[in-house]
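Per-entry structural report
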Amino acid sequence: MEIIHENEYLYKMNNEIEPYLATHRQEGYVPGAEDHLHQKDTGIVGKIHVQRYLAEKPKGVIIISHGFTEAAPKYDEMIYYFLKAGYHVYMPEHMGHGQSYRLTADSSLVHIDTWKRYVRDFLKICHVIKKTYPELPLVLFAHSMGGAIGTIAAAWEPQLFQKIILNSPMLRPLTGNVPWPLVIAIAQTKCLLGREEDYVAGQKPYDGGETFETSGCTSRPRFEKYNEMRKENKKFQVSAASYGWLLASVKMSWYIKYCGWKKLSAPVLLFQAEKDDFVSVNALRKFAEKISCVKVCCKRYNKENQAKQEERIMRIRKIMAITMAACLAVGALAGCGKKAEDKVIKIGVFEPTTGENGGGGFQEVLGIRYANKIHPTVKINGEDYKVELVEVDNK
């Protein structure tokens, strides 16, 4: 099987691949998993949009876990290749993406209340597939944010997938020149202040202005086709993260780093870019070194593309560094607690520092301590207040 050449992409997609997929596609909705975060009578359980493609003589089922701000149509070409290789393909859209349910009315914003919602919903779909095809092996193909979700799902249920393919999984998102502990502290503080649905500093609502040059893509016809599709369909226009999502990504990262990787048992094929715009290549390499069931493939960019990407990334990182640091400096902690005679504001830090999740929780505590160290006071109504942390081990 050959990958479609750049010069033939639009013609083949429009005249061959999309008509072929249309004859094999079925789609519908599956209720999400039970909401464990809220009480039973107030829990949020939405519907996950799922596409299903059936091969004539299947040798397995591939389930795709897509990346941040992506939707099902972006994977049409990949689904075509999997179908031609003899696999059934399931394409669920994660909560907050595409035609699946959302926790916010803002069509541009990706927001989530707990990272476990992603995993539980995804596993719910996997269980439906396994029940439908008990005799066929289940193969996971996961990209970026979906790579983190899929990795945790495989860690929670090690016998579910026979094989795992991870394509630049978001084991740790890149945060520009902003120190990782500071990112954790900002996200944690915003959520403590009840501002978890705020846009992460430097991000904005979808405006349709993205170009190939400012994107992370390396294929112009592929970018342009999906970009036009996004402009025409509001459900595909998610483009920014909330602080709730940012904190969830941090917690997924620490779960995989300190606990999840130990539970993986299926063989893993890991694809990484030599230079990646969005996920830490160093984190991917450390992950690969720790697990014995992994094979690593590295894609190399040519020097011209690499130089262009580095220049663009540096501009974005400078903006992120300035805006995120400013966000904390102008008083992200303002508004916590009431004015007291001793002019002290106390903030509770309720994170696990011991037990199974202690590693990740302690890293978050370190980030909050760091933020408190560099900004130990806050000005409210013209008066300075000392900020004190009250830490409790949520083990």
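To be clear, the structure that these remarks concern was listed above.
Residues numbered from 1 in each chain as written. Predicted model: local features only at pLDDT ≥ 70, side-chain atom pairs only at ≥ 80, totals over all residues. Heavy atoms only, no water.

1. Things to note about the pairing of strand S6 (residues 138-143)
Put simply, the test is: Burial classes follow relative accessibility: with a 1.4 Å probe on protein chains only, a residue under 20% of its type's maximum area counts as buried, one over 50% as exposed, and anything between as partly exposed. The helix and strand labels rest on DSSP assignments: H or I over at least four residues marks a helix, E over at least two residues marks a strand, and numbering proceeds from the N terminus. Pairs of strands are assigned from DSSP output, requiring at least two bridges between the strands. With the strands aimed away from the viewer, a crossover counts as right-handed if its path from the first strand over the helix to the second runs clockwise.
Judged by how many residues are buried, S6 sits mostly within the fold: 6 of 6 residues are covered. Alternating residues of S6 divide into Leu 138, Leu 140 and Ala 142 and Val 139, Phe 141 and His 143, and every residue in both groups is buried. As paired elements, strand S3 (residues 61-65) and S6 share 5 bridges and run parallel to each other. In the strand pairing of S6, Ser 65 is matched with Ala 142. Taken together, the 5 bridges between S6 and strand S7 (residues 163-167) define a ladder with parallel strand orientation. Bridging across to S7, Phe 141 finds its partner in Ile 165. In the classification by handedness, the crossover that spans S6, the intervening helix H4 (residues 145-156) and the parallel S7 is right-handed.

2. Quick look at the sheet that holds strand S13 (residues 383-393)
Applied cut-off: In this description, a line fitted to the C-alpha atoms serves as the axis of each element, helices being fitted only across the stretch in contact, and the angle between N-to-C directions of two axes falls anywhere from 0 to 180 degrees.
Strand order across the open sheet formed by 3 strands is S11-S13-S12, with mixed pairing between neighbours. The sheet terminates laterally at strand S11 (344-351) and strand S12 (377-380), the two strands that pair on one side only. This sheet shows a mean twist of 35° between the axes of neighbouring strands, independent of strand direction. Bridge analysis of S12 against S13 gives 4 bridges, and the strand direction is antiparallel. Following the sheet pairing, Val 378 is matched in S13 by Tyr 385.

3. Regarding the packing of H4 against helix H7 (residues 243-258)
Test applied: Every angle not falling under 35 degrees, over 145, or within 65 to 115 is termed oblique; those three ranges are roughly parallel, roughly antiparallel and roughly perpendicular. Crossing handedness is read from the near helix: turned anticlockwise from the far helix by less than a right angle, it gives a left-handed crossing, and turned clockwise, a right-handed one. Contact between two residues is taken to exist if any of their heavy atoms lie within 4.5 Å; hydrogens are not considered. Under the scheme applied here, ten amino acids are nonpolar (Ala, Val, Leu, Ile, Met, Phe, Trp, Tyr, Cys and Pro), four are charged (Asp, Glu, Lys and Arg), and all others, including Gly, are polar.
Interaxial distance between H4 and H7 falls to 10 Å at its minimum, and their mutual angle equals 45°. Between H4 and H7, the angle is such that the two are oblique. The chirality of how H4 crosses H7 is left-handed. The segment H4 lies against H7, with Met 145, Ala 148, Ile 149, Thr 151, Ile 152, Ala 155 and Trp 156 engaging Trp 245, Met 252, Tyr 255 and Ile 256. Split by residue class, the contact of H4 with H7 holds 10 nonpolar, 1 polar and no charged.

4. Topic: the packing of aromatic side chains
Keep this limit in mind: Between 30 and 60 degrees the pair is tilted, below 30 it is stacked and above 60 it is edge-to-face, where a pair is any two Phe, Tyr or Trp rings, Trp via its six-membered ring, whose centres lie within 6.5 Å. Sitting over a ring, as applied to charges here, requires NZ of Lys or CZ of Arg to be within 6 Å of the ring centre and within 35 degrees of the ring normal.
This model, assessed by the stated rule, comprises 10 aromatic pairs. Each ring, one from Trp 115 and one from Tyr 255, has its centre 5.5 Å from the other, and the planes form 40°; the classification is tilted. Linking Trp 115 in helix H3 (residues 115-132) with Tyr 255 in helix H7, this pair joins segments that are 140 residues apart in sequence. The pair formed by Trp 115 and Tyr 255 is uniform in burial state, with each residue classed as buried. Look at Phe 212 and Phe 223: their rings are 6.1 Å apart centre to centre, the planes differ by 55°, and that puts the pair in the tilted class. With Phe 212 in the loop between helix H5 (180-192) and helix H6 (220-232) and Phe 223 in helix H6, the pair connects residues that are 11 residues apart, well separated along the chain. Of the two residues, Phe 212 and Phe 223, neither departs from the other in class, the shared state being buried. Site record: aromatic cluster; members linked through ring pairs are Tyr 20, Tyr 80 and Tyr 81. Lying over the aromatic face of Tyr 20, Lys 84 brings its terminal NZ or CZ to 4.5 Å of the ring centre.

5. Considering unusual backbone geometry
What you tend to see is this: most non-glycine residues have negative phi, and most peptide bonds are trans. Unlike most non-glycine residues, Ser 144 shows phi in positive territory, near 50°. Within the secondary structure layout, Ser 144 lies in the loop between S6 and H4. A residue is classified by how much of its surface remains accessible, and Ser 144, at 13% relative accessible area, is buried. The phi angle at Ser 168 is positive, at roughly 45°, despite the residue not being glycine.

6. Remarks on the packing of helix H1 (residues 9-24) against H6
Where H1 contacts H6, the two axes come as close as 9 Å, and the packing angle between them is 55°. Considering their axes alone, H1 and H6 lie oblique with respect to each other. Residue-level contacts link Tyr 9, Leu 10, Met 13, Asn 14 and Glu 18 of H1 to Pro 221, Arg 222 and Lys 225 of H6. The residue makeup of the contact of H1 with H6, split by class, is 4 nonpolar, 1 polar and 3 charged.

7. Some remarks on the pattern of salt bridges
Where charged atoms of side chains with opposite charge meet at close range, the side chains can pair. Where we set the bar: We count a salt bridge whenever a side-chain nitrogen from Lys or Arg sits within 4 Å of a carboxyl oxygen from Asp or Glu.
Considering all chains together, one arrives at 15 salt bridges under this definition. Close ionic contact of Arg 230 with Glu 210 constitutes a salt bridge, the shortest N to O distance being 3.6 Å. In this pair, Arg 230 is assigned in helix H6 and Glu 210 in the loop between H5 and H6, connecting sequence segments 20 residues apart. Judged by its relative accessible area of 8%, Arg 230 is buried.

8. What to know about the side chain of Glu 70
Of note, Glu 70 is situated in the loop between S3 and helix H2 (76-84). Residue classification places Glu 70 among the buried residues on the basis of a relative accessible area of 7%. In contact with Glu 70, other than residues within four places in its own chain, are Tyr 75, His 97, His 143 and Tyr 226.

9. Quick notes on the nonpolar core
Keep this limit in mind: Grouping buried Ala, Val, Leu, Ile, Met, Phe, Trp, Tyr and Cys residues that are joined through side-chain atoms within 4.5 Å yields what is termed a nonpolar core.
Residues Ile 63, Tyr 118, Phe 161, Trp 245 and Phe 287 are the most contacted members of the largest nonpolar core, which totals 65 residues. In this view, Phe 287 contacts Thr 151, Leu 166, Leu 171, Ile 256, Trp 261, Leu 264 and Leu 270; residues no more than four positions away in its chain are not counted. In this structure, Tyr 9, Ile 17, Phe 82 and Val 139 belong to the second largest nonpolar core, which totals 21 residues.

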